[in-house]
Amino acid sequence: MDKFVIRGGNPLLGTIRVSGAKNSALPCMSAAILTEDEVVLENIPQVRDIETERKLLTSMGAEVELGYGRAQHRTTICCRTLSDPVAKYEIVKTMRASSLVLGPLVARCGVARVAQPGGCAIGDRPIDLHLKGLELMGATIVQEHGYLEARAQRLKGAHIVFDKVTVTGTEDLLMAAVLAEGETLMENCALEPEVTDLAALLTAMGACIQGAGTSTIHVQGVSKLHGAKRRIHPDRIEAGTFLIAGAITGGDLVVANCQPAHLSAVISKLEACGARIEALGPDSLRVRGDGPLHENDVSTEEYPGFPTDMQAQYMALATQAEGTSTVKENIFENRFMHVGEMVRMGANIRVDGRTATVRGKTPLSAAAVMCSDLRASAPLILAALVADGESILDRVYHVDRGYERIEEKLRGVGAQIRRMGNVFGNGKKA
Ligand code: UD1
């Protein structure tokens with residue numbers, strides 16, 4: 001198992017580039033199920049979840065070319081033949097986004113068998129709202145042996161009101177609705193840019209969608225979709241992580257190839273803490289951490305609020321800010337798994353239910369720490385970048401699920417970080 005060895009203390013200087021958004025790429029790859037033609041997606045990030053999605057689609061009979069190169073990270077997907085509309089447990093157990101094939105498979109094939117998702121270990125993360133919506137569209141759903149089986153001759157348009165805002169739930173039902181018979185009205189939808197990205201791809205494929213990016217989406221179902229090409233937008237969580245990396249290390253960092261409009265809540269929070277951020281053109285931000293950081297409270301919300309996927313990174317920053325900050329997690333339960341490891345590095349954090357209280361500024365000292373899931377890993381990297389001494393992060397496969405070659409990117413701007421296979425083991429490289 002790979003580990004990262006990180007020596008703290010270097011300010012990050014220079015330019016770091018953001019990859020395409022994993023959470024846009026995954027639903028867009030699933031959308032290829034809806035047509036017999038080729039779907040071409042560019043700016044695909046080279047991360048493990050994308051490889052899992054490729055395996056998933058291939059196991060169903062799709063042809064998926066996935067190529068990474070200097071010019072283009074591109075995938076071409078052709079779902080002409082979907083001989084086996086099953087998302088097998090062995091493939092999807094590490095990735096909750098597998099539920100994103102449920103809607104498109106029923107819409108296209110009339111049947112879907114999908115293993116109940118695993119993914120990040122944060123709360124029980126139900127998909128009841130996906131299922132409720134599909135039932136309203138006329139699907140019958142049976143749950144047995146760890147699988148969900150959904151069937152419908154042809155889905156019918158419906159009026160769906162989400163009890164709770166759900167990102168992949170909105171995406172899943174949107175993909176079901178585009179091939180349903182008649183009109184679908186979805187209310188209390190997620191506003192996240194990833195929903196808008198997917199809707200733009202579906203529209204390019206011939207779908208009739210209005211209102212994506214607002215809480216009410218109208219879909220007029222069509223009988224067939226065709227192929228299309230789309231460039232995935234930049235990853236706002238990776239960009240936000242780099243902004244914090246610049247600020248926390250006292251660096252001067254240009255975060256290039258990002259979409260500043262998607263980062264408003266993160267930018268204003270970092271500015272409120274004392275980081276200096278300026279736009280350099282339409283797709284670059286410069287962050288400077290040359291002054292003292294000070295406390296500020298944060299509360300996670302659905303987009304356009306402060307993202308839950310940035311909560312843990314913000315907490316790392318708060319350990320280096322003067323004063324007491326509270327961090328409230330409103331979206332998921334059990335999303336404070338990083339706290340124990342950060343405390344081992346010297347952070348002063350107390351958790352009470354969904355609120356963490358961080359007292360700063362505390363010097364951090366390097367330690368051997370363990371990544372427990374994708375989003376709990378990034379703050380450990382950030383903490384290690386400012387800790388005194390050499391930290392070793394174990395189980396970095398969690399990081400690799402969502403961050404493309406992060407150690408190479410950080411090394412390019414001055415961080416002392418390297419990847420090691422099996423550093424404590426038998427001497428053989430893992
Ligand atoms: C997506 C993102 C994830 C991000 C999250 C919130 C992907 C692949 N993942 O996850 O990185 O952290 O949005 O921004 O895009 N819920 C239900 N029933 C459902 C569905 C959700 O109760 O059927 C609840 C969840 O338990 C959670 C809340 O709704 O409390 C939001 O979850 P949701 O938006 O669905 O998260 P994901 O789409 O899984």
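Every value quoted in this text rests on a predicted model; they were computed, and no experiment measured them. (Residues numbered from 1 in each chain as written. Predicted model: local features only at pLDDT ≥ 70, side-chain atom pairs only at ≥ 80, totals over all residues. Heavy atoms only, no water.)

Q: Whenever I open this one, the packing of aromatic side chains confuses me. Can you help?
A: Think of a pair of aromatic rings as described by two things: how far the centres are apart, and how the planes are tilted against each other in angle. In the structure shown here, the tally under the stated rule is 1 aromatic pair. Centre to centre, the rings of Phe306 and Tyr314 are 5.7 Å apart; their planes meet at 75 degrees, and the pair counts as edge-to-face. One cation-aromatic arrangement involves Arg113 over Tyr147; the distance from NZ or CZ to the ring centre is 4.5 Å. (Phe/Tyr/Trp six-rings, centres within 6.5 Å; stacked < 30°, edge-to-face > 60°. Lys NZ or Arg CZ within 6 Å of the ring centre and 35° of its normal.)

Q: Help me out: how do you make sense of the domain arrangement of the chain in this one?
A: How big an interface is tends to be reported as the loss of accessible area on association of its parts. Assigned domains of the chain: these are domain 1 (3-19 + 234-420) and domain 2 (22-231). Here domain 1 and domain 2 have C-alpha centroids that lie 30 Å from each other. Across the boundary between the two partners, domain 1 contributes 25 residues, which contact 22 residues of domain 2. Interface area for domain 1 against domain 2, summed over the two sides, is near 2,000 Å², with a carbon-plus-sulfur share of 49%. The largest share of the area that domain 1 buries against domain 2 comes from Tyr303, Arg401 and Glu404, three residues that together contribute 33% of it. We note a salt bridge from Asp49 to Arg401, for which the minimum N-O separation is 2.9 Å. Applying the counting rule to domain 1 against domain 2 returns 9 residue pairs in polar contact (both at pLDDT 80 or more). Elements with a contribution of two residues or more to the side of domain 1 that touches domain 2: α12 (374-386) and α13 (397-400). Here the residues of the side of domain 1 that touches domain 2 are counted per class, giving 8 nonpolar, 5 polar and 12 charged. (Domains from an automatic or database assignment. Contact = heavy atoms within 4.5 Å. Buried area = accessible area lost by both parts, 1.4 Å probe. Salt bridge = Lys/Arg side-chain N within 4 Å of Asp/Glu carboxyl O. Polar contact = N/O pair within 3.5 Å; in protein donor to acceptor, adjacent residues only side chain to side chain. Helix = DSSP H or I, 4+ residues; strand = E, 2+ residues; numbered from the N terminus. Nonpolar A, V, L, I, M, F, W, Y, C, P; charged D, E, K, R; others polar.)

Q: Can you walk me through the environment of Leu173 in this structure?
A: Structurally, Leu173 can be placed in helix α6 (residues 167-177). A residue is classified by how much of its surface remains accessible, and Leu173, at 0% relative accessible area, is buried. C-alpha of Leu173 to C-alpha of His130: the two residues are 43 residues apart in sequence and 6.6 Å apart in space. Apart from the residues lying within four places of it in its own chain, the contact partners of Leu173 are Leu129, His130, Gly133, Leu134, Met137, Ile160, Phe162 and Met186. (Buried < 20%, exposed > 50% of the residue type's maximum accessible area, 1.4 Å probe, protein only.)

Q: Whenever I open this one, the pairing of strand β7 (residues 111-115) confuses me. Can you help?
A: Looking down a regular strand, the side chains alternate between one sheet face and the other. For β7, the buried fraction is high: 4 of the 5 residues fall into the buried class. Note: strand β6 (residues 86-87) against β7, 2 bridges, orientation parallel. Across the sheet, the residue bridging to Ala87 is Val114, located in β7. Bridge analysis of β7 against strand β9 (residues 147-151) gives 5 bridges, and the strand direction is antiparallel. The residue of β9 that forms the bridge with Val111 is Arg151. (Pairing = 2+ DSSP bridges.)

Q: Teacher, can you tell me more about the sheet that holds strand β14 (residues 228-231) here?
A: Consider a sheet: its strands pair through backbone hydrogen bonds, and that pairing is either parallel or antiparallel. The strand order β4-β5-β3-β14 describes an open sheet built from 4 strands, whose pairing is mixed. Taken across any chain shown, the strands that pair with only one partner, and hence form the sheet edges, are β4 (63-68) and β14. Averaged over all pairs of adjacent strands, the angle between their axes in this sheet comes to 10 degrees, without regard to strand direction. In the sheet, strand β3 (residues 38-42) pairs with β14 via 4 bridges, with the strands oriented parallel. Across the sheet, the residue bridging to Leu41 is Arg230, located in β14. Helix-sheet contacts for helix α7 (residues 193-204) involve β3 and β14, and the interaxial angle to β14 is about 155 degrees. (Axes fitted to C-alpha atoms, helices over the stretch in contact; angles between N-to-C directions.)

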